[in-house]
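Spelled out, the chains give:
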Amino acid sequence: MFITFEGPEGSGKSTQIKLLTSWLHEQNRHVLITREPGGTRIGDQIRDCLHDVNNTDMASMTELLLYSASRAQLVQELIKPALAEGSVVISDRFADSTLAYQGYGRGLDLQMLHRITNYATDNLQPDLTLFLDIDVQRGLARRIDGNEEMNRLDLEAVSFHERVRKGYHELAAMPRWVWIDADRPIDIIQNDIRKIINSKL
Ligand code: TMP
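Now for a quick tour of the structure. Bear in mind that the values here come from a model prediction, so they are computed numbers and not experimental data.

**Considerations on the site of the ligand**
Around the ligand, 15 residues are found, and the nearest of them are E9, Y67, R93, T98 and Q102. A distance of 2.8 Å separates a nitrogen atom of the ligand from a polar atom in the side chain of Q102. Between an oxygen atom of the ligand and a side-chain N or O atom of N151, the distance comes to 3.4 Å. Counting residues per element, the shell around the ligand draws most heavily on helix α4 (residues 95-105), which supplies four residues.

**Thoughts on the side chain of S87**
Its location among the elements puts S87 in the loop between α3 (60-84) and β3 (88-92). Looking at S87, the relative accessible area reads 8%, which means it is buried. Discounting chain neighbours no more than four positions away, the residues touching S87 are M1, H30 and A82.

**So, the pattern of salt bridges**
According to the stated counting rule, one finds 14 salt bridges in the structure shown. A salt bridge links E6 to R93, with the nearest nitrogen and oxygen atoms 4.0 Å apart. A residue pair is termed long-range when its members are at least 10 positions apart, and E6 in strand β1 (residues 2-6) and R93 in the loop between β3 and α4 qualify at 87 residues. Both residues of the pair, E6 and R93, belong to the buried class. A salt bridge links R165 to D133; its shortest N-O distance comes to 2.8 Å. With R165 in helix α7 (residues 158-171) and D133 in strand β4 (residues 128-133), this pair connects stretches of sequence that are 32 residues apart. In this structure R165 comes out as buried when scored by relative accessible area, which is 19%. On the accessibility criterion, D133 (4% relative accessible area) is buried. Salt bridges sharing partners connect three or more residues here, namely E63, R106, R152 and E156.

**Side note on the sheet that holds β4**
The parallel open sheet is built from five strands, whose spatial order is β2-β3-β1-β4-β5. Each edge of the open sheet is held by one strand with a lone partner, namely β2 (31-35) and β5 (177-181). Put simply, the sheet's adjacent strands are angled 20 degrees from each other on average, direction ignored. Bridge analysis of β1 against β3 gives four bridges, and the strand direction is parallel. In the sheet register, F5 faces β3, and the bridge partner there is D92. Across the sheet, α7 touches β1, β4 and β5, and the angle it forms with β4 is around 140 degrees. The strands touched by helix α8 (residues 186-200) within the sheet are β1, β4 and β5, with β4 carrying the most contacts at an inclination of about 165 degrees.

Conventions we followed
Residues numbered from 1 in each chain as written. Predicted model: local features only at pLDDT ≥ 70, side-chain atom pairs only at ≥ 80, totals over all residues. Heavy atoms only, no water. Near = heavy atom within 4 Å. Polar contact = N/O pair within 3.5 Å; in protein donor to acceptor, adjacent residues only side chain to side chain. Helix = DSSP H or I, 4+ residues; strand = E, 2+ residues; numbered from the N terminus. Buried < 20%, exposed > 50% of the residue type's maximum accessible area, 1.4 Å probe, protein only. Contact = heavy atoms within 4.5 Å. Salt bridge = Lys/Arg side-chain N within 4 Å of Asp/Glu carboxyl O. Pairing = 2+ DSSP bridges. Axes fitted to C-alpha atoms, helices over the stretch in contact; angles between N-to-C directions.

Quick look at the structure:
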């Protein structure tokens, strides 16, 4: 089973994934946890380039292709083999982030993005996407308060992040998406996530 987490900045995906992982390990499940961009040696090099705050002159198309290249490596090297072995795969972001950020955020053509992401993923689709939704200003403030490392996209204008969130709301209408209010205590959100996953496993 392939589960992805999506959401705007500061939605708490990594905290929730950590808690979920220990719960799945308690049940002796084989789990592969990964993240995008990165997750592989080559992907992490691409991540450094993508998130370098000095790369202010990166063209949107370059950005799209680098995220896609990192994803192609992750799918081939880790995700497909793990799924073939019957593991549960959990990814902190996947192709939907490209639709939200490069599509709705940057304004790149959505049809073209679908073609490129389908090529990069070899048409692999998540079985379940958990969308952790949070108000843009609240999410960005959480990242600053949590002293988290700021990347090139965090530094975009609030209006960019608002477009991304709106895009997520459109994407979340698809059947594999489950919307989760991420502006609640961590344990309550985790409880909801476990219930949803329990019903699917
Ligand atoms: P994160 O690891 O803190 O979630 O940071 C990843 C950043 O990269 C976040 O700002 C979203 C952005 N991103 C894209 O713009 N497009 C993509 O396809 C992916 C996977 C991430």
